[in-house]
Amino acid sequence: MATVSNINLNVSPAANLQTEDHLRRLVNKNTNAKFTPWDKKLHRRVNHSCFGDFPKENLGSIKKEPEMEVRGTHELTHAAHATTMSIKKKSGTGGAPSKLNPRKEKLSEPVPRAGAFNRRKIPASEFRRFYDRGDLPISINHSCSGNKIHWKVGVEQLDYHHYLPIFFDGLREKQDPYRFLSIQGVYDMLDLGGSKILPVIPQLIIPIKTALNTRDPDIIAITLKILQKLVTSAEMVGEALVPYYRQILPIFNIFKNKNANMGDQIDFGQRKRANLGDLIQETLELFEQTGGEDAFINIKYMIPTYESCVLS
């Protein structure tokens with residue numbers, strides 16, 4: 001009989017995302033709300049095939065049946081007698097308003113919101129294109145303890161200059177299997193990369209910046225967790241990120257105070273680490289601890305409200 005000690009309880013972060021999506025679907029069924037991890041307006045739809053979309057002339061047209069209008073009994077009765085009723089303007093029993101009443105001034109238009117926290121449109125990633133073409137040496141290994149990646153080639157033998165930026169580019173995906181494969185692939189490559197990671201840092205900045213600029217809370221949360229994994233995966237990686245703080249930290253400054261105001265309640269989802277304010281604070285502290293002497297002054301320049309965890 002299996003005991004708790006010999007059961008593998010280490011579930012991958014990508015598999016946790018799939019479990020969380022399934023839990024949200026079950027919860028939303030009670031409220032008659034349909035849940036999808038992605039937004040159709042902001043996220044790019046899946047291609048018809050790995051070679052792209054089919055020609056429009058071959059798709060045909062689907063005619064929708066006209067919807068029947070449903071009205072109540074009172075509305076139908078009123079509509080039947082509407083032809084015999086003729087009431088002129090200001091001749092009803094209610095009478096016309098008095099002209100002695102002062103005219104109300106028109107309310108000024110509300111000040112438009114800046115929309116700093118609004119989600120942006122998610123551009124298509126290179127990871128999706130490479131995976132659809134079959135250029136990535138990966139597949140999904142389905143198991144009882146959660147899905148895992150089956151690497152067709154040893155991770156140590158991969159060309160990190162080519163593959164690691166592609167996997168980082170897939171962090172902004174919200175559809176499976178792209179999301180699961182990209183996130184889990186990044187974790188596997190960072191675990192076994194060692195000295196291969198440091199030379200690739202300049203190529204990772206644009207995918208990280210693009211993922212953060214979507215301003216989607218789920219994408220930002222997983223990107224922050226991967227940044228924490230990145231700076232602790234090899235030596236000198238934290239210092240190599242210091243020159244690129246101006247590209248990464250502006251989104252940190254926007255969401256730094258994005259905390260859940262729970263009052264005296266208990267947040268039972270702390271183990272999921274989905275609170276952006278806490279994740280940003282943890283990430284900044286790791287940046288300062290691993291970034292060397294110039295890390296704090298560069299963080300302070302971009303995020304004035306940040307207080308040092310080393311100097312204090």
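Quick note: structure is the one above.
Structural notes, computed from the coordinates. Here the structure is a predicted model, which means the values were calculated and not measured. (Residues numbered from 1 in each chain as written. Predicted model: local features only at pLDDT ≥ 70, side-chain atom pairs only at ≥ 80, totals over all residues. Heavy atoms only, no water.)

A look at the overall build of the chain
Part 1 of the argument: Counting its regular elements, the chain contains twelve helices and two strands.
Part 2 of the argument: Secondary structure elements of the chain, listed N to C terminal, follow the sequence α-α-α-α-β-β-α-α-α-α-α-α-α-α.
Part 3 of the argument: Burial analysis of the chain (312 residues in total) assigns 34% to the buried set.
Part 4 of the argument: Across the chain, contacts joining residues at least 24 apart in sequence account for 72% of those joining residues at least 6 apart. (Helix = DSSP H or I, 4+ residues; strand = E, 2+ residues; numbered from the N terminus. Buried < 20%, exposed > 50% of the residue type's maximum accessible area, 1.4 Å probe, protein only. Contact = heavy atoms within 4.5 Å.)

Topic: the packing of helix H7 (residues 201–213) against helix H8 (residues 217–231)
Part 1 of the argument: The interhelical angle for the contact between H7 and H8, taken along N-to-C directions, is 155 degrees, at an axis separation of 9 Å. Taken as axis vectors, H7 and H8 run roughly antiparallel relative to one another. The element H7 and its partner H8 pack so that their crossing is left-handed. Taking contact as the criterion, the partners of Ile201, Leu204, Ile208, Ala211 and Leu212 in H7 are, on H8, Ile219, Ile220, Thr223, Leu227 and Leu230.
Part 2 of the argument: Broken down by class, the residue content of the contact of H7 with H8 amounts to nine nonpolar, one polar and no charged. (Axes fitted to C-alpha atoms, helices over the stretch in contact; angles between N-to-C directions. Parallel < 35°, antiparallel > 145°, perpendicular 65-115°, else oblique. Left-handed = near helix turned anticlockwise from the far one by under 90°. Nonpolar A, V, L, I, M, F, W, Y, C, P; charged D, E, K, R; others polar.)

Brief notes about helix H5 (residues 160–169)
Residue pairs three or four apart in sequence face the same way in an α-helix, which turns once every 3.6 residues.
Part 1 of the argument: Taken across its ten residues, H5 has eight buried, putting it largely inside the fold.
Part 2 of the argument: Within H5, the full set of buried residues consists of Tyr160, Tyr163, Leu164, Pro165, Ile166, Phe167, Phe168 and Asp169.
Part 3 of the argument: Those residues of H5 that are buried lie in contact with helix H4 (126–133), strand E1 (138–141), strand E2 (148–151), helix H6 (178–193), H7 and H8.

Some details on unusual backbone geometry
Part 1 of the argument: Backbone torsion omega between Asp176 and Pro177 reads 10 degrees, so that peptide bond is classified as cis.
Part 2 of the argument: Looking at the secondary structure, you find Pro177 in the loop between H5 and H6.
Part 3 of the argument: Although it is not a glycine, Arg215 adopts a positive phi angle of roughly 60 degrees.
Part 4 of the argument: By the element assignment, Arg215 lies in the loop between H7 and H8.
Part 5 of the argument: In this model, Met236 sits at a positive phi of 70 degrees, which is unusual for a non-glycine residue.
Part 6 of the argument: Tracing the backbone shows Met236 in the loop between H8 and helix H9 (237–241).
Part 7 of the argument: On the accessibility criterion, Met236 (48% relative accessible area) is partly exposed.

Digging into the side chain of Arg179
Part 1 of the argument: Looking at the element boundaries, Arg179 is found in helix H6.
Part 2 of the argument: Since its relative accessible area comes to 8%, Arg179 is described here as buried.
Part 3 of the argument: Within polar-contact distance, the side chain of Arg179 engages the side chain of Asp176 at 3.4 Å. (Polar contact = N/O pair within 3.5 Å; in protein donor to acceptor, adjacent residues only side chain to side chain.)

Notes on the packing of aromatic side chains
Part 1 of the argument: For the structure on display, the rule yields eight aromatic pairs.
Part 2 of the argument: Seen from their ring centres, Phe127 and Phe167 are 5.3 Å apart, and the 55 degrees between their planes marks the pair as tilted. Residue Phe127 is found in helix H4, and its partner Phe167 is found in helix H5; the two are separated by 40 residues along the sequence. Per residue, the accessibility class of Phe127 equals that of Phe167, and both read buried. (Phe/Tyr/Trp six-rings, centres within 6.5 Å; stacked < 30°, edge-to-face > 60°.)

Focus: the side chain of Gln175
Part 1 of the argument: Within the element layout of this structure, Gln175 appears in the loop between H5 and H6.
Part 2 of the argument: Here Gln175 falls in the buried class, since its relative accessible area comes to 8%.
Part 3 of the argument: Among the polar contacts listed, one links the side chain of Gln175 to the side chain of Arg128, at a separation of 3.0 Å.

Some points on the pattern of salt bridges
Part 1 of the argument: All chains considered together, the criterion is met by eleven salt bridges.
Part 2 of the argument: In this structure, Lys174 engages Asp216 in a salt bridge whose closest nitrogen and oxygen atoms are separated by 3.2 Å. Linking Lys174 in the loop between H5 and H6 with Asp216 in the loop between H7 and H8, this pair joins segments that are 42 residues apart in sequence.
Part 3 of the argument: Taking relative accessible area as the criterion, Lys174 reaches 6% and is therefore assigned buried.
Part 4 of the argument: Linking Asp176 and Arg179 is a salt bridge whose minimum nitrogen-to-oxygen distance equals 3.4 Å.
Part 5 of the argument: A relative accessible area of 38% means that Asp176 is categorised as partly exposed.
Part 6 of the argument: Salt bridges sharing common partners tie together Arg119, Lys174, Asp216 and Asp218. (Salt bridge = Lys/Arg side-chain N within 4 Å of Asp/Glu carboxyl O.)

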